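Coordinates in review
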Amino acid sequence: MVHLSLFLLAILLEICSANDVLYIPSPPTIVIQPSQSEQFYHVALTKGESIIPVILKCEAEGDPQPLYYWTKNGKRFDLDLVGERVTQLKGVGTLNFSHPQASDEGRYQCFAKNPYGVSLSNSVFLRKSVGEPVTQQPVRQYVSPANKLILRGDDLQLACIYGGMPIPTVKWYFTKKGPLPSERLGTPIKIGKILKITNISSDNEGIYQCIANNGVGSEQKYSVTVIVESLPYWNVSPTNTQAAEDENVRFECSASGIPPQNFTG
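Here we summarise the structure given alongside this text. Just so we're clear, the structure is a prediction, and the values are computed from it rather than from any experiment.

**Focus on unusual backbone geometry**
In this model, Asp63 is joined to Pro64 through a cis peptide bond whose omega is 5°. Mapped onto the secondary structure, Pro64 falls in the loop between strand 4 (59-63) and strand 5 (67-72).

**Brief notes about the packing of aromatic side chains**
The relative placement of two aromatic rings is captured by the distance of their centres and the angle of their planes. Scanning the model with the defined rule gives four aromatic pairs in all. Here Tyr69 and Phe111 contribute two aromatic rings whose centre-to-centre distance is 4.9 Å and whose plane-to-plane angle is 5°, an arrangement assigned as stacked. Of this pair, Tyr69 sits in strand 5 while Phe111 is found in strand 9 (residues 106-114), placing the two residues 42 residues apart along the sequence. Look at Tyr69 and you get partly exposed, because its relative accessible area is 22%. Their ring planes at 15° and their centres at 4.3 Å tell us that Phe174 and Tyr208 sit as a pair that is stacked.

**Brief notes about the state of the cysteines**
Per the stated rule, a full pass over the model turns up two disulfides. One disulfide bridge connects Cys58 with Cys110, the sulfur atoms lying 2.0 Å from each other. With the S-S bond torsion at -70°, the cross-link from Cys58 to Cys110 turns out left-handed. Within this pair, whereas Cys58 is found in the loop between strand 3 (54-56) and strand 4, its partner Cys110 is found in strand 9, the two being separated by 52 residues in sequence. What makes Cys110 buried here is its relative accessible area of 0%. Each disulfide pairs two cysteine sulfurs, and for Cys160 the partner residue is Cys210, the sulfurs being separated by 2.0 Å. What sets the handedness of the Cys160 and Cys210 disulfide is the S-S torsion sign, and at about 75° it is right-handed.

**A closer look at the side chain of Glu59**
In this fold, Glu59 is placed in strand 4. Setting aside residues up to four positions removed in sequence, Glu59 forms contacts with Thr29, Ile30, Val31, Ile32, Tyr68, Val92, Thr94 and Tyr142.

**Concerning the sheet that holds strand 3**
As summarised here, the arrangement of the three strands in space is 3-8-7, forming an open sheet in which the pairing is antiparallel. Whereas interior strands pair on both sides, the edge strands pair on one side only; in this sheet they are strand 3 and strand 7 (86-88). Ignoring which end each strand starts from, the neighbouring axes of this sheet average 20° apart. The pairing of strand 7 with strand 8 (residues 95-97) spans three bridges and is antiparallel.

Basis of the calculations
Residues numbered from 1 in each chain as written. Predicted model: local features only at pLDDT ≥ 70, side-chain atom pairs only at ≥ 80, totals over all residues. Heavy atoms only, no water. Helix = DSSP H or I, 4+ residues; strand = E, 2+ residues; numbered from the N terminus. Phe/Tyr/Trp six-rings, centres within 6.5 Å; stacked < 30°, edge-to-face > 60°. Buried < 20%, exposed > 50% of the residue type's maximum accessible area, 1.4 Å probe, protein only. Disulfide = S-S within 2.5 Å. Contact = heavy atoms within 4.5 Å. Pairing = 2+ DSSP bridges. Axes fitted to C-alpha atoms, helices over the stretch in contact; angles between N-to-C directions.

Laid out in structure tokens, this is it:
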């Protein structure tokens with residue numbers, strides 16, 4: 001009788017399991033990279049002079065997710081040696097020079113690597129400009145993809161980085177709640193050129209818009225649609241049951257997730 005119960009339970013657990021997904025690894029492929037072979041930047045020479053950050057873009061696709069590193073003038077570029085003014089954006093290879101210096105001049109190239117291969121970006125020569133900077137309306141340098149899929153409970157990070165002279169300010173809006181930050185959003189957020197929201201829920205699904213403005217020309221807008229999904233989780237899971245031979249047995253099996261789960265048998 002015990003053996004019969006365990007056998008039935010094993011069958012039902014198999015029925016309630018989601019289909020196995022075939023895992024196919026892939027080498028990295030660079031999908032976002034510097035578009036020009038040369039990029040000029042300005043060095044602030046006097047106190048109070050506007051500082052214009054520099055962005056070197058690099059993103060790749062691959063499974064498992066690639067790791068990134070850069071070379072400068074053919075040698076490995078060590079971020080630890082330049083300090084906090086040069087950072088790499090989380091999850092991608094993009095470099096942000098928040099306070100460019102004359103020593104940053106040189107040729108840069110991004111590498112994306114996983115166990116199945118290496119992919120190289122276009123190289124770009126970062127060249128220090130000569131003369132006084134001029135005013136410039138906001139120019140898009142780096143933004144998150146227009147569609148962002150995230151799992152419930154994860155942390156959301158959206159980028160909206162614009163250059164210009166003077167440096168543009170960035171404001172965020174959520175179509176459901178209006179300007180951010182908003183207490184009505186219900187989750188901790190951090191506002192800036194990078195919008196961070198922790199412990200995402202379905203209430204955070206929707207369209208987020210950033211607006212960059214520096215008083216020169218027209219303000220620039222960019223929108224990201226965030227879709228929240230959830231891994232399967234049990235509402236009711238089968239439990240051990242004792243029954244006599246030929247006796248009818250009922251097992252309940254219920255799971256939730258976003259999108260809704262499909263049960264197979």
